[in-house]
Every structure is written in C-alpha cells, then in structure tokens.
Amino acid sequence: MAQYLIGIGICLLGGLMMSRLAKKISLPAVTAYLVAGLLLGPFVIGKLGIPGIGFTSLEEAESLGILSQGALGFIAFAIGNEFRLTQLKKMGKQAILVGIFESVITTVVVDIALITFHFLNPDLLSLPSAITLGAIAAATAPAATLMVVKQYKAEGPLTKLLLLVVALDDAVGLMLFSVSFGIARALESGVVDILVIILEPIVEITLSLGLGALMGYLLHRTEKFFHSRSKRLSISVAYVLLAVGISLIDIQVGGIHTGFSLLLVCMMMGTVFCNVCNFSEELMERVDGWTGPISVLFFVISGAELDLSVISKPLILLIGIVYIIFRSLGKYLGAGISCKLNHCDAKISKNLGITLLPQAGVALGMAQTAMALDGGPVIRNVVLFSVLVYELIGPVMTKGALMRAGEINPEGATSARVSNS
C-alpha cells in the first residue's frame, strides 16, 4: 500500500515538474505529463527497480488503471457540459453530420490503404486485421483535446465544434468497429453473425445513453437536497464514480454479450444534468477544479503504459507508419470535406481534422477486443505504436491548429504559461 501511495505522489510531482520544463518551449502541459509518464515507466527510471520510484513493469502501471478510468469519467462528464440545448440549437446538426462523415471517411481511407498493403504483402498483414484497424482509426481521444482547450482557454466556433465532434466520435467509432470486427471474424471463421455485427453496438449505445440520462436526472434530484457548495460538489463526484463503476460491468442479454461505454455514460450524465439543473454551470466549474490532480495522474499513468518495445519490431513499425499516415490523411480530408459540405467557415475546414488526431483509451479498448482474431497481436501492437506517436504529437498539433484558427490568443497562451508555473 505504501509503495502505491509513494508511486502516485511521484507521478503527480513528476508530471507537474515536467510541465515547468515544457512551458519554456511552449509545449502543452498534457505532452509534458505523457513524457513524465514515459520517463517513470518500465523502459527508463522503472528499469532501476527501485520500489515506488517509477513503474518496474507495464503490469504495475496498468494496476493503477482504476485511477485512469475515474479520470476519464470526469473528462467525459465535463464534455457533456458542451451539449447544452442553446449550443445544440446552433451547432448540433452540423456537429452530428461532421462527426459521422469524418469518422466514416477516415475508416474508408485506412481500409483502402491497409487492404492494398495486405494484397501486396499478404504474409505481413491479414485481411481481417486490415479491416479491423480501419475501424479503430475512427476513434479519437477526447482527454488530450479537452486538456489543451482548457489550458489555453481556447474559444470560438472551431473549439465548440471540436468538443461536440470528439464527444460523438465514441458512438460512431463503436458502431464502425463492431461492424468491421464482425466482418473480420466472419472472414476468419466463414460464419456471418448478424447478431454480433448489428445488434451488439446498438444495444451498447442505447444502454449507455439510457443509463447516463437516468444518472444525470438522479444527480439533479439528489443535488436539490443539499445547499452547501461542498456537499453538492461531493454528490457530483460520487455520481461520476458510480457511473464509472457501473460502466465497467459486462452484461449478457439473451444471446447478446454487451456492456456500457464509460465515455457515453458519463457524457450523457453531464449532458442531462447541465440541461435540467439551473446551477449546473457553477457546479461544473467546481468539479473541474477538483479533478485537476486526477487529470495529471491520468496522463502520467497513460505515458507509463506506453509500450516502447513496439519500436524494436520492424513489422509493427512498417504497418504502424502506414496506419498513422493514412489515418492522419483520413481525419484531415474527412473533417475538411464534411465541413465544406456543411458550409463551415474555412478556418474550421482547414484545422478541424488536425485537432482530431489524438488517439488513446477507446482505441486501445478496441484493440484488446481484437485480440480474439488470429492477427490480434499485430493489431494491438500497431495501435500501441500509433498511440505512442499520437499522444505525444497530437496535443502540440491541436494547439497549433487552434492558434491558426485564432482561437488561442496571446493573452490565453500567456495565462496558460502563468498557470503552469
């Protein structure tokens, strides 16, 4: 127990001290936290084998996964705050169309690239693996994006659309993955299971949104019993933790094996709560302030979980480079085309795709599910490599895109540097 507490303390201090160095070269704090995690991980400081000082193995880093899940719940809850009815009336339809089209286009682009790779090198990458990786490419990590937006106080039409789109990506990505994974399994086994391909993702999304809506309403009703700000804050924290815990439960309904999407549950809870509670804005700000240290731990632990050993595997590097290039191209073109079709401003069309590059938790979860395929280990390692690259460069590119769009002004960047110090 003492070792874990020491480790958590060092993670928190290490991430914060690294952010001091990062601000000198104008890097986002989230990148600093990820680098701190890499240094504390089993491939650098962890190699020393000193208990509590770094993670001696990937399993040790993953043992703190419950903290990461909790932090992800708070992040999703905060994103739900963006779905206020006033905001949805302005950009709701636009965000839904852009979110769907950019995800589908990304999957198609990566599918074409990797299926072509398969036919050129059938021994290196199987067709089921290529199709599955194409679907995983649609997923975007909301945590890093939200962190950059908050650090630099980004504000404007691109930022508003971005937060709505990354929130929708989880649902769209889940549907695309379920269909592609079902096709991949059918190609391997020769048996097409419509139940798996169609019903499971629909049931999971419906259950997740339903549970989130119920908990959002119950949170509102519970908050009414208390008038103290501190007690209302505690109730909000309790509900988010409950939502995260329930989201981790697997469900078997008839012949359908399903569960809940943590991101969708917590996001929907935040959405319903902010639309039915008249003091939700103030409470959301207090929750956001309380979860600051948890967010730092989330990214430091995420950095420690990045597997640097994949870099030493030529096959993974080759497939990973193709995957990264065409996923990036798909996100950029997909967002640009869908924005133009929806008559978005030119600044949004040019920059939205770049802000959608970060990839982490959802993609890794999909990759873990894909381990059921014969090519599962290849899929998992390719995704691990892409997460390593995207999580380190993604926040920097997101910051650059928001600056080019004029939504991070010099004053915002200056205040961010001050807050980091």
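Up top is the structure these notes are about.
This section reports on the structure supplied with the text. Being a predicted model, the structure only gives us computed values, none of them experimental.

### Here we look at the overall build of the protein chain
So, step 1. Helix and strand counts for the protein chain stand at 18 helices and two strands.
So, step 2. For the protein chain, the C-alpha radius of gyration of 21 Å lies close to 22 Å, the compact-globule estimate for 421 residues.
So, step 3. Oriented by its inertia axes, the alpha-carbon framework of the protein chain measures out at about 60 × 50 × 45 Å.
So, step 4. Classification of the 421 residues of the protein chain by burial places 55% in the buried group.
So, step 5. Considering only contacts within the protein chain whose residues lie at least 6 apart along the sequence, 79% involve residues at least 24 apart.
So, step 6. Carbon and sulfur atoms make up 68% of the accessible area of the protein chain, which amounts to about 17,800 Å² in all.
So, step 7. Computed over 28 positive and 27 negative side-chain charges, the inter-centroid distance for the protein chain is 12 Å.

### Brief notes about helix α13 (residues 292-305)
So, step 1. Its 14 residues give α13 an end-to-end C-alpha distance of 20 Å, which sits within 8% of 20 Å, the value for a rise of 1.5 Å per residue.
So, step 2. Across the 14 residues that make up α13, a large majority, 10, are buried.
So, step 3. Those residues of α13 that sit buried are S295, V296, L297, F298, F299, V300, I301, S302, G303 and A304.
So, step 4. Contact partners of the buried residues in α13: α1 (2-24), α2 (29-40), α3 (58-62), α4 (65-80) and α7 (142-151).

### Some words on the packing of aromatic side chains
So, step 1. Scanning the model with the defined rule gives three aromatic pairs in all.
So, step 2. A ring pair is formed by F177 and F181, whose centres lie 5.5 Å apart and whose planes are at 5°; its orientation type is stacked. With F177 and F181 both in helix α8 (residues 157-189), this residue pair falls four residues apart, about one helical turn. As far as the burial class goes, F177 and F181 line up, both buried.
So, step 3. Between F298 and F299, the ring centres sit 4.9 Å apart and the planes meet at 80°, which makes this aromatic pair edge-to-face.
So, step 4. When its relative accessible area of 10% is taken as the criterion, F298 is described as buried.
So, step 5. For the cation-ring pair, R232 lies above F279, with the distance from its terminal atom to the ring centre recorded as 3.8 Å.

### A short note on the side chain of T222
So, step 1. Of note, T222 is situated in helix α9 (residues 194-223).
So, step 2. In this structure the side chain of T222 is engaged in a polar contact, spanning 2.7 Å, whose partner is the side chain of Y239.
So, step 3. In this structure T222 touches I235 and Y239, once residues within four positions along its chain are discounted.

### A closer look at the environment of R20
So, step 1. Tracing the sequence through the fold places R20 in helix α1.
So, step 2. Sequence separation between R20 and A32 is 12 residues; the distance between their C-alpha atoms is 8.4 Å.

### Remarks on a nonpolar patch on the surface
So, step 1. Taken together, the side chains of I321, I325, F326, L329, Y332, L333, I337 and L341 present a nonpolar region at the surface, about 700 Å² in accessible area.
So, step 2. Inspection of the secondary structure puts I325 in helix α14 (residues 314-341).
So, step 3. With relative accessibility at 48%, the residue I325 sits in the partly exposed group.

### As for the environment of L133
So, step 1. Within the element layout of this structure, L133 appears in helix α6 (residues 127-136).
So, step 2. The exposure class of L133 is buried, given its relative accessible area of 0%.
So, step 3. Along the sequence, L133 and G15 sit 118 residues apart, while their C-alpha atoms lie 31 Å from each other.
So, step 4. Once residues within four sequence positions are removed from consideration, L133 is found in contact with V110, L114, L125, I319, Y323, I379, V382 and V383.

### Quick word on the packing of helix α15 (residues 346-355) against helix α17 (residues 376-404)
So, step 1. Where α15 meets α17, the axes come as close as 8 Å, and the angle between the chain directions of the two elements is 165°. Considered as vectors, α15 and α17 are oriented roughly antiparallel to each other. Where α15 crosses over α17, the handedness of that crossing is left-handed. Taken together, the residues of α17 that come into contact with α15 (itself represented by N351, I354 and T355) are M397, T398, A401 and R404.
So, step 2. Classifying every residue of the contact of α15 with α17 by side-chain character gives three nonpolar, three polar and one charged.

### Topic: α1
Because the α-helix completes a turn every 3.6 residues, residues three or four places apart line up on one side.
So, step 1. Given a rise of 1.5 Å per residue, 23 residues ought to cover 33 Å, and the 34 Å separating the end C-alpha atoms of α1 matches this to within 8%.
So, step 2. Within α1, the full set of buried residues consists of G7, C11, G15, M18, S19, A22 and K23.
So, step 3. Positioned one or two residues after α1, S26 has a phi angle of 60°, which is positive.

### Considering the side chain of T145
So, step 1. Its location among the elements puts T145 in helix α7.
So, step 2. Look at T145 and you get buried, because its relative accessible area is 0%.
So, step 3. Other than its neighbours up to four places away in sequence, T145 contacts L162, V166, T355 and P358.

How each quantity is defined
Residues numbered from 1 in each chain as written. Predicted model: local features only at pLDDT ≥ 70, side-chain atom pairs only at ≥ 80, totals over all residues. Heavy atoms only, no water. Helix = DSSP H or I, 4+ residues; strand = E, 2+ residues; numbered from the N terminus. Rg over C-alpha atoms; globule rule 2.2 N^0.38 Å. Buried < 20%, exposed > 50% of the residue type's maximum accessible area, 1.4 Å probe, protein only. Contact = heavy atoms within 4.5 Å. Areas by Shrake-Rupley, 256 points an atom, 1.4 Å probe, with all protein chains shown as cover. Lys, Arg positive; Asp, Glu negative; His and termini not counted. Charge placed at Lys NZ, Arg CZ, Asp CG, Glu CD. Expected span 1.5 Å × (residues − 1). Phe/Tyr/Trp six-rings, centres within 6.5 Å; stacked < 30°, edge-to-face > 60°. Lys NZ or Arg CZ within 6 Å of the ring centre and 35° of its normal. Polar contact = N/O pair within 3.5 Å; in protein donor to acceptor, adjacent residues only side chain to side chain. Patch = residues over 30% accessible without salt bridge, like charges linked within 9 Å, V, L, I, M, F, W, Y side chains within 5 Å. Salt bridge = Lys/Arg side-chain N within 4 Å of Asp/Glu carboxyl O. Axes fitted to C-alpha atoms, helices over the stretch in contact; angles between N-to-C directions. Parallel < 35°, antiparallel > 145°, perpendicular 65-115°, else oblique. Left-handed = near helix turned anticlockwise from the far one by under 90°. Nonpolar A, V, L, I, M, F, W, Y, C, P; charged D, E, K, R; others polar.

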